[in-house]
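Observations on chain architecture
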Amino acid sequence: MKSFNIGMVGYKFMGKAHSHAYKDLHMFFPQTAVPKMKLICGRDENGVKTAAEQFGWDGYITDWRELVTHPEIDIVDINAPSDAHKEIALAAAKAGKHLFCEKPLALTLADAREMLEAAEAAGVKHMVGFNYRFAPAVQLAKKLVESGRLGQIYHFRAWFLQDWIVDPTFPLVWRLQKEIAGSGSHGDLGAHLIDLAHFLVGDMTEVIGMSETFVKERPLPSSMTGLSAKGSKDAPHGPVTVDDATLFMARFANGALGSFEATRFAPGHRCTNSFEINGSKGSVKFDFERLNELQVYFTSDDEDVQGFRRVLATDASHAYMDAWWPAGHTIGYEHTFVHEVVELMNALTEDRQPVPNFVDGVKCQEVLEAVDQSIEQRRWVKISEV
């Protein structure tokens, strides 16, 4: 059985998700190549050592430069904070390593394009971590759109709502600092919505947006990860330099209209990542908090039984589900990462680029920056302008 040695940079939230995917992959997808968890990397030696032992890595290292040039590493997995993506990816590509990088691909469109160019010049495989594509219910939505069963697509509306920073005394974690994160809800949450729109409906041609930072300053943390922190409300404060909420509208190349909302200030919404697609023959609705379900409506149904039906996407006929449990036995968030790694391993075995890849990461970054430009200039911006 073919195998590939993984070297991973990052060991917190996404590091755990990726590690779980590598560990579980071959138990449920035995036909794929085997990802061998060779080295995990982090700056804090105590932290990365603990993660290596807990997650099941063969060893750990504290210098990513040593990892990307290690002769036994085939794939470099980058899930460190966004400001580190570019430098690590460029060095790994130069060393001839395949790349798996979390989203958003980079802090800026220029950086994302440079990463894509470096990967292409090196002739390596490259993948970007848009995991929500890999939920079976989302794959079903894609199937219904592509097969024409929804007809001509008129609308794509999407919203990603969270509430984890509503408290103004929540500390200033790195995700709220532009120099590290690149952007706030727009690049963190909105990037997923943009990729789902590209995946399900197609390219956008122009956008117009608005954004707001509701809490301008926050207490400095005594310790933090990207999503959690410790600190005192009486600690010195620092400026929040990213958006708390961003909304935008879009036109698609196929004539459809789009609306997008990403916010971290929606009390009661822990992780409401949802979309609805309306077409001439029907509609679909998805909510990540009920990720095994797709709501489906067809205009061809008899009038007396028309309405949205709940489709539980757990049968073997749905994408990836023949590898898991009997019908009706649901899967969770972590399984979307397993499915990502299925695609990565299959692409490497078949000598093709995995999907989504850095091309998709650049396309997402183009929309993110077009929206930023629109907000700054208070006008519609064509994607071709950025």
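Residues numbered from 1 in each chain as written. Predicted model: local features only at pLDDT ≥ 70, side-chain atom pairs only at ≥ 80, totals over all residues. Heavy atoms only, no water.

In the annotation of an unreviewed UniProt entry, the chain is listed under the name Dehydrogenase and assigned to Paenibacillus aceris.

Observations concerning the overall build of the chain
If you tally the helices and strands in the chain, you get 10 helices and 19 strands. The C-alpha radius of gyration of the chain comes to 21 Å, within 12% of the 21 Å expected for a compact globule of 386 residues. Overall size of the chain, expressed as C-alpha extent along the three principal axes, is 65 × 55 × 40 Å. A sequence separation of at least 24 residues applies to 70% of the contacts in the chain between residues at least 6 apart. Counting every atom, the chain has about 16500 Å² of accessible surface; 50% of that belongs to carbon and sulfur. Placing the 39 positive and 52 negative side-chain charges of the chain at their respective mean positions leaves the two points 0 Å apart. (Helix = DSSP H or I, 4+ residues; strand = E, 2+ residues; numbered from the N terminus. Rg over C-alpha atoms; globule rule 2.2 N^0.38 Å. Contact = heavy atoms within 4.5 Å. Areas by Shrake-Rupley, 256 points an atom, 1.4 Å probe, with all protein chains shown as cover. Lys, Arg positive; Asp, Glu negative; His and termini not counted. Charge placed at Lys NZ, Arg CZ, Asp CG, Glu CD.)

Quick notes on the UniProt feature "domain: Gfo/Idh/MocA-like oxidoreductase N-terminal" (unreviewed entry) in the chain
Under the UniProt annotation, the feature "domain: Gfo/Idh/MocA-like oxidoreductase N-terminal" (unreviewed entry) is placed at residues 4–130. Strand forms 24% of residues 4–130 and helix 44%; the C-alpha atoms that close the span are 21 Å apart. (UniProt positions renumbered as here; feature names shortened; annotations may be inferred.)

Quick look at the sheet that holds strand β17 (residues 293–298)
Sheets are built from strands paired through backbone hydrogen bonds, the pairs being either parallel or antiparallel. With mixed pairing, nine strands are arranged side by side in an open sheet as β18-β17-β16-β15-β7-β14-β13-β8-β19. Of all strands in the sheet, those bounded by a partner on one side alone are β18 (309–312) and β19 (381–382). Where helix α10 (residues 358–377) meets the sheet, its contacts fall on β8 (204–212), β13 (245–252) and β19, and the angle it forms with β8 comes to roughly 55 degrees. (Pairing = 2+ DSSP bridges. Axes fitted to C-alpha atoms, helices over the stretch in contact; angles between N-to-C directions.)

Observations concerning the packing of helix α6 (residues 136–146) against helix α8 (residues 185–200)
For the pair α6 and α8, the least separation of the axes is 9 Å and the interaxial angle reads 35 degrees. For the pair formed by α6 and α8, the contact residues are Val138, Gln139, Ala141, Lys142 and Val145 on the first element and Leu196, Phe199 and Leu200 on the second. Along the lines of polarity and charge, the residues of the contact of α6 with α8 split into six nonpolar, one polar and one charged. (Nonpolar A, V, L, I, M, F, W, Y, C, P; charged D, E, K, R; others polar.)

Examining the pairing of strand β2 (residues 34–41)
Sheet topology places strand β1 (residues 3–9) next to β2; seven bridges connect them, and they run parallel. Within β2, the residue paired with Asn5 across the bridge is Lys36. Running through helix α1 (residues 13–28), the crossover from β1 to the neighbouring parallel element β2 is right-handed. Of the crossover connections in this fold, the one passing from β2 over helix α2 (residues 45–55) to the parallel strand β3 (residues 59–61) is right-handed. (Right-handed = clockwise from strand over helix to strand, strands pointing away.)

Side note on the sheet that holds strand β5 (residues 98–102)
Read from one edge of the open sheet, six strands run β3-β2-β1-β4-β5-β6, paired in parallel fashion. In the strand order of this sheet, the two ends are held by β3 and β6 (126–129), each with one partner. Mean inter-strand twist for the sheet, computed between neighbouring axes without regard to direction, equals 25 degrees. Relative to β6, β5 is paired through four bridges, and the arrangement is parallel. Bridging across to β6, Glu102 finds its partner in Gly129.

A look at the side chain of Ser374
Among the secondary structure elements, Ser374 is positioned in helix α10. Owing to a relative accessible area of 0%, Ser374 belongs among the buried residues under this scheme. Setting aside residues up to four positions removed in sequence, Ser374 forms contacts with Val207, Ile208, Gly209, Arg379 and Val381. (Buried < 20%, exposed > 50% of the residue type's maximum accessible area, 1.4 Å probe, protein only.)

A few points about the packing of aromatic side chains
Scanning the entire structure with this criterion turns up 21 aromatic pairs. For the ring pair Phe28 and Trp325, a centre distance of 5.2 Å and an interplane angle of 80 degrees mean the geometry is edge-to-face. With a gap of 297 residues between them, Phe28 in helix α1 and Trp325 in the loop between β18 and α9 (333–350) connect regions that are remote in the sequence. Of the residues examined, Phe28 reaches a relative accessible area of 14% and is grouped as buried. Put simply, the rings of Phe13, Tyr132, Phe160, Phe288, Tyr333 and Phe337 pair up and form one aromatic cluster. (Phe/Tyr/Trp six-rings, centres within 6.5 Å; stacked < 30°, edge-to-face > 60°.)

Regarding the nonpolar core
Membership of the largest hydrophobic core comes to 113 residues, with the highest contact counts inside it found for Val76, Phe156, Leu200, Met204, Phe260, Phe275 and Ile277. Looking at this core element by element, the count peaks at eight residues for α8. When residues no more than four places from it in sequence are discounted, the contact partners of Ile277 are Val145, Leu150, Ile153, His155, Phe156, Leu200, Val201, Gly282, Ser283 and Val284. Trp164, Ile165, Val173 and Val240 belong to the second-largest nonpolar core, a separate cluster that totals 10 residues. (Core = buried A, V, L, I, M, F, W, Y, C linked by side-chain atoms within 4.5 Å.)

Structural notes on α1
An ideal rise of 1.5 Å per residue puts 22 Å on 16 residues; α1 measures up with 23 Å between its terminal C-alpha atoms. Within α1, the full set of buried residues consists of Met14, Gly15, Ala17, His18, Ser19, Ala21, Tyr22, Asp24, Leu25 and Phe28. (Expected span 1.5 Å × (residues − 1).)

Observations regarding the state of the cysteines
Across all of its chains, the model carries zero disulfides by this definition. We note that Cys41 lacks a disulfide partner, and the nearest cysteine sulfur, in Cys101, lies 14 Å from it. Taking the relative accessible area as the measure of exposure, Cys41 reaches 3% and is therefore buried. The thiol sulfur of Cys101 is not disulfide-bonded, and the nearest other cysteine sulfur, from Cys364, lies at 12 Å. (Disulfide = S-S within 2.5 Å.)

What to know about the pattern of salt bridges
Once their charged atoms are close, side chains differing in charge can pair, the charge on each being opposite to the other. This model, assessed by the stated rule, comprises 25 salt bridges. Notably, a salt bridge pairs Glu87 with Arg65, separated by 3.4 Å at the nearest N-O pair. Placement of Glu87 in helix α4 (residues 85–94) and of Arg65 in helix α3 (residues 64–68) is noted, with a sequence separation of 22 residues between them. Judged by its relative accessible area of 46%, Glu87 falls in the partly exposed class. For Arg65, a relative accessible area of 45% gives the class partly exposed. The residue Asp188 makes a salt bridge to Arg264 at a minimum N-O spacing of 2.9 Å. Of the two residues, Asp188 sits in helix α8 while Arg264 sits in the loop between β14 (257–263) and β15 (272–279), which places them 76 residues apart along the sequence. Each of Lys103, Arg175, Asp188 and Arg264 takes part in one network of salt bridges that share partners. (Salt bridge = Lys/Arg side-chain N within 4 Å of Asp/Glu carboxyl O.)

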